[in-house]
Amino acid sequence: MKLTDMTIEEMCTTTEKQSFDRKSAKIEVTAIATPMIAFANADGGLLAVGIEDNGEITGIDDYTKNINEILRAGYDFCQPSIFIEKETIDCIDKNGNANHILLIKVPQSADMHVNHRDEAFLCVGDRSKN
């Protein structure tokens, strides 16, 4: 399965936009629900987890517990649940070590999604607006 035609370099350098966002693997699991909801409520989108906002690759290998929680965020923190596609790709992190990036594809949804606080978000440009 291949979720994107973007190269890792493009994921690191592309400006975040309405259909693409980078997130650190250290992100709070409740916070990852916001872009998931915003993508689902708009045209869908791709999250690259393991790339910092500044484009630096930190990877996901040192954050296994958090990554498992991130993968459940669409079920645990989104109402109704958001069903995602996921793919792990090989990369070299900022320290020169073999690592991985998690790609999460969020499809556009016919439903209006909210978080556990009943807040709805919509992706507008590179922002998740409520």
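Look above for the structure.
Now for a description of the structure that goes with this document. Bear in mind the structure is a predicted one, so any value in this text is a computation, not a measurement.

## Here's the deal with the pairing of strand β4 (residues 85–92)
Here comes step 1: Alignment of β4 against strand β5 (residues 98–106), held across 8 bridges, turns out to be antiparallel. Considered in β5, the bridge of Ile-92 is made with Ala-98.
Here comes step 2: Here β4 folds back onto β5 in antiparallel fashion, the turn holding 5 residues, of which Gly-96 has a positive phi close to 85°.

## Regarding unusual backbone geometry
Here comes step 1: Geometrically, the link from Gln-79 to Pro-80 is a cis peptide bond, its omega value of -15° lying close to zero.
Here comes step 2: Along the chain, Pro-80 turns up in the loop between β3 (78–79) and β4.
Here comes step 3: Non-glycine residue Asp-118 carries a positive phi angle of around 65°.
Here comes step 4: Topologically, Asp-118 is positioned in the loop between β6 (114–115) and β7 (122–124).

## Some thoughts on the environment of Leu-47
Here comes step 1: Its place among the elements puts Leu-47 in strand β2 (residues 45–49).
Here comes step 2: Given a relative accessible area of 0%, Leu-47 falls into the buried group.
Here comes step 3: Between the C-alpha atoms of Leu-47 and Glu-9, which are 38 residues apart in sequence, the distance is 15 Å.
Here comes step 4: In this structure, Leu-47 is in contact with Asp-21, Lys-23, Ile-32, Pro-35, Met-36, Phe-39, Leu-102, Leu-103 and Ile-104, ignoring residues within four places of it in sequence.

About the cut-offs
Residues numbered from 1 in each chain as written. Predicted model: local features only at pLDDT ≥ 70, side-chain atom pairs only at ≥ 80, totals over all residues. Heavy atoms only, no water. Pairing = 2+ DSSP bridges. Helix = DSSP H or I, 4+ residues; strand = E, 2+ residues; numbered from the N terminus. Buried < 20%, exposed > 50% of the residue type's maximum accessible area, 1.4 Å probe, protein only. Contact = heavy atoms within 4.5 Å.

Just distances and angles here, no functional claims.
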